[in-house]
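Residues per chain are reported as follows:
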Amino acid sequence: MENFSFYLITDTHFFKNSLGARGKEYDEFMRFEQKCFAETESINRSVFEWLKNADGADTVLIAGDLSFNGEKESHIEFIKLLNELKESGKKVYVVTADHDFKNEDDSCFAFDESGRLIPEPTRRDELFDLYYEFGFKDALAFDRQHLSYVAQLCDGVRLLALNNDGADDGQRRFDESHIKWIKEQTKKARDDGQIMFAMNHYPLLPGQPIFSVVPSAVQRESDKVTTMLADEGVHLVFTGHMHNHSINEKITEKGNKLYDVCTGSVIADPAVMRLVTITPESKAIIKTIETPDFEWDTNGKECKQYLSDLFDSMILNMLDDMQYNPERLLRRFGADGKKGIYPIVKFVGRIINKITVGGLCRLLLIKCDKSIKKMLLKNYAAELVRGIFEGNQTFKEGTAKGDVFIKFIKRFNFVFKKVNLNCVDGKKADLFDILKNTAGNYGIDDYNATLNLT
Ligand SMILES: [Fe+2]
Ligand SMILES: [Fe+2]
């Protein structure tokens, strides 16, 4: 085989704007949203236009959450974009995921001036026909029940496209028959001397250490699945879902590697795509590309800045609501009945919004570099959280912001040690270690890396 390259994007969350994304209720909803809503149609159009003309590869993979929330009309409009991309000469392979179907009639939503609207949802059993042309049609094998397939991408490289939103229990679990099918496919790939890599919407390894204690952030039974795939000869998987950008590695007891390359959404900060090259020596060269600018009234901001400000405003709005409108904040998290805690939430909110990093350090007797003393704690917090999603987190040991963070969590380590919390793999969570490695990236470069798959 020769070098084989492809583009990968994920979490396109296409929303057909004419369904309604405006009005007072829309603005209220967007107060706490990290991803775009009304802007997604325009962003996708510019991403697809860019891909059509991109000459780095003629294959495009999309790792799920294609539509905003499963609206039928969003899918129909999105498929027009896929068809145009195909007509431009690109081969397109997709998987669907949790935001691509709804089983209840009233689960999709849109907004206009009159309030909340309910567009027609897409059922899971409609997805096979809808996306037949983009994976299933040319597949070497497919498992219709599990919406999974194997595609020959080029001479020597096979894609194992997985979906596990099974209708049975909705638990995103790989059931026994699915595992059996996967093992048949991996064996075939080995017998045929093929490099096989996978695409699965849900991260198989936690994108960031903190996600290891958030069950919805990781594939169910991820430990079992990653061990199975790596030992079966699949050493690379592309994921999405959390809208974070990361690369993580695991080595099984048998000494086999698995890399999880999780890519950020194209419609939310950090708004990125990947260009991947698989070499005959079983190396994967991963590059990150920023999404192109899109047409939108961004109040004069560059598109990149517009998206990162949207992320920060989600954090800052939460902190603002803690102080001024705890009811609205708690309503968003389904805890609005707890009026007794409003004064405490307000008090904590007032302090976070007002205090500087230097002020907090004085209170905790922590040494703080003068370059960040005057920085408001809320801005420090927003930057810290945004970094977790953007990847290559900068709050590392040896930096002004990182040193303060590490001293801060050291102060509270005696509390962390008393917390009985398990990670998704069942191991006890070491909160100090998790927080340190979440604020700063000490591992593989999340943006550009060469991964040795053997
Ligand atoms: Fe998503
Ligand atoms: Fe998702």
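Residues numbered from 1 in each chain as written. Chains lettered and ligands numbered in written order. Predicted model: local features only at pLDDT ≥ 70, side-chain atom pairs only at ≥ 80, totals over all residues. Heavy atoms only, no water.

Trainee: For this particular structure, what's the right way to read the coordination of the iron ion (ligand 2)?
Mentor: Each protein donor to the iron ion (ligand 2) is listed here as Asp65 (OD), Asp98 (OD), His201 (NE2) and His241 (ND1); together their distances run 2.2 to 2.5 Å. Taken together, the four donor atoms coordinating the iron ion (ligand 2) and their angles of 89 to 155 degrees define a geometry best described as irregular. The sequence motif formed by the donor residues of the iron ion (ligand 2) is D-x32-D-x102-H-x39-H. A separation of 3.7 Å is found between the iron ion (ligand 2) and the iron ion (ligand 1), both of which receive a donor from Asp65. Of this pair, Asp65 sits in the loop between strand E2 (59–62) and helix H3 (72–87) while His201 is found in the loop between strand E9 (195–200) and helix H7 (222–231), placing the two residues 136 residues apart along the sequence. Residue class for Asp65 comes out buried when judged on its relative accessible area of 1%. (Donors = N, O, S within 2.8 Å, 3.2 Å for Na, K, Ca; no water. Tetrahedral: all angles 85-135°; square planar, octahedral: opposite > 155°, others 65-115°. Helix = DSSP H or I, 4+ residues; strand = E, 2+ residues; numbered from the N terminus. Buried < 20%, exposed > 50% of the residue type's maximum accessible area, 1.4 Å probe, protein only.)

Trainee: Would you take a moment to explain the pattern of salt bridges for this structure?
Mentor: Oppositely charged side chains may form a pair once their charged atoms are brought near each other. One pass over the structure, following the stated rule, counts 30 salt bridges. Of the charged contacts, one joins Asp309 and Lys301 as a salt bridge, the two residues approaching to 2.9 Å between their closest N and O atoms. Accessibility expressed as a relative area gives 24% for Asp309, which makes it partly exposed. A residue is classified by how much of its surface remains accessible, and Lys301, at 35% relative accessible area, is partly exposed. For Glu397, the salt bridge goes to Lys436, with nearest N and O atoms at 3.3 Å. Of this pair, Glu397 sits in the loop between helix H12 (377–390) and helix H13 (400–411) while Lys436 is found in helix H15 (residues 431–439), placing the two residues 39 residues apart along the sequence. (Salt bridge = Lys/Arg side-chain N within 4 Å of Asp/Glu carboxyl O.)

Trainee: Explain the packing of helix H2 (residues 40–53) against H3 to me, please; I cannot follow it from the model alone.
Mentor: A packed helix pair is summarised by two numbers, namely the angle formed by the two axes and the spacing between the axes. For the pair H2 and H3, interaxial distance at closest approach is 10 Å and the crossing angle is 15 degrees. It follows from the interaxial angle that H2 and H3 lie roughly parallel. When the axes of H2 and H3 are compared, the crossing they make is right-handed. Contacts between H2 and H3 involve Asn44, Arg45, Phe48, Leu51 and Lys52 on the former and, on the latter, Glu77, Phe78, Leu81, Leu82, Glu84 and Leu85. Within the contact of H2 with H3, the residues separate by chemical class into six nonpolar, one polar and four charged. (Axes fitted to C-alpha atoms, helices over the stretch in contact; angles between N-to-C directions. Parallel < 35°, antiparallel > 145°, perpendicular 65-115°, else oblique. Left-handed = near helix turned anticlockwise from the far one by under 90°. Contact = heavy atoms within 4.5 Å. Nonpolar A, V, L, I, M, F, W, Y, C, P; charged D, E, K, R; others polar.)

Trainee: How should the pairing of strand E12 (residues 257–262) be read in this particular structure?
Mentor: In the case of a regular strand, side chains alternate between the two sheet surfaces. The element E12 is extensively covered by neighbouring structure, given that six of its six residues are classed as buried. Side chains Lys257, Tyr259 and Val261 of E12 all project onto a buried face; the interleaved residues Leu258, Asp260 and Cys262 project onto the opposite face, where all are buried too. Inspection of the sheet shows strand E11 (residues 246–251) paired to E12 by six bridges, in the antiparallel sense. Its bridge partner being in E12, Ile251 is matched across the sheet by Lys257. Counting the residues that bridge the hairpin from E11 to E12 gives five residues, and of these Gly255 lies at a positive phi of roughly 90 degrees. (Pairing = 2+ DSSP bridges.)

Trainee: Got a minute to help me understand the domain arrangement of the protein chain in this structure?
Mentor: A common way to express how large an interface is: the accessible area buried when the components associate. Considered domain by domain, the protein chain is made up of domain 1 (4–295) and domain 2 (303–439). Here the C-alpha centroids of domain 1 and domain 2 sit 30 Å apart. Contact with domain 1, which involves 32 residues of that partner, is made by 33 residues of domain 2. Looking only at domain 1, the three residues that lose the most surface to domain 2 are Arg31, Phe32 and Asp269, adding up to 28% of its buried area. Joining domain 1 to domain 2, the criterion identifies three salt bridges. The partner of Glu28 in a salt bridge is Arg331, and the shortest N-O contact between them spans 3.9 Å. The interface formed by domain 1 and domain 2 contains nine residue pairs in polar contact (both at pLDDT 80 or more). (Domains from an automatic or database assignment. Buried area = accessible area lost by both parts, 1.4 Å probe. Polar contact = N/O pair within 3.5 Å; in protein donor to acceptor, adjacent residues only side chain to side chain.)

Trainee: So what exactly am I meant to see when it comes to the packing of helix H8 (residues 303–324) against H12 here?
Mentor: For the pair H8 and H12, interaxial distance at closest approach is 9 Å and the crossing angle is 130 degrees. As far as their axial angle goes, H12 and H8 are oblique. The two elements H8 and H12 cross, and the hand of that crossing is right-handed. Mapping the contact onto sequence places Ser308, Phe311, Asp312, Ile315, Leu316 and Leu319 in H8 and Lys378, Asn379, Ala382, Val385, Arg386, Phe389 and Glu390 in H12.

Trainee: Which parts of the structure should I look at to understand the coordination of the iron ion (ligand 1)?
Mentor: In a perfect tetrahedron of four donors around a metal, the angles come out at 109.5 degrees. In a perfect octahedron of six, they are 90 or 180 degrees. Each protein donor to the iron ion (ligand 1) is listed here as Asp11 (OD), His13 (NE2), Asp65 (OD) and His243 (NE2); together their distances run 2.1 to 2.3 Å. Around the iron ion (ligand 1), the four donor atoms sit at angles spanning 86 to 174 degrees, and that spread fits a shape best called irregular. Sequence spacing of the donor residues for the iron ion (ligand 1), all on one chain, is D-x1-H-x51-D-x177-H. Look at His13 and you get buried, because its relative accessible area is 1%.

Trainee: What's the story with the sheet that holds strand E15 (residues 449–452) in this structure? I'm lost.
Mentor: Strand pairing within a sheet occurs via backbone hydrogen bonds; the two strands may be parallel or antiparallel. Read across the sheet, six strands follow the order E3-E2-E1-E13-E14-E15 without closing on themselves; strand pairing throughout is mixed. Of all strands in the sheet, those bounded by a partner on one side alone are strand E3 (91–94) and E15. Between one strand and the next, the sheet's axes are offset by a mean angle of 25 degrees, whatever the strand orientation. As paired elements, strand E1 (residues 4–9) and strand E13 (residues 272–278) share five bridges and run antiparallel to each other. Residue Ser5 lies in a different strand from E13, and its bridge partner there is Thr277. In the packing of H2 onto the sheet, the strands contacted are E1, E2, E13 and strand E14 (283–290), and the crossing angle to E1 comes to about 175 degrees.

Trainee: Just to check I follow, could you spell out the side chain of Asp321 for this structure?
Mentor: Looking at where Asp321 falls in the secondary structure, it is placed in helix H8. The contact partners of Asp321, leaving out residues within four places of it in the chain, are Arg31, Phe32, Pro326, Arg328 and Leu329.

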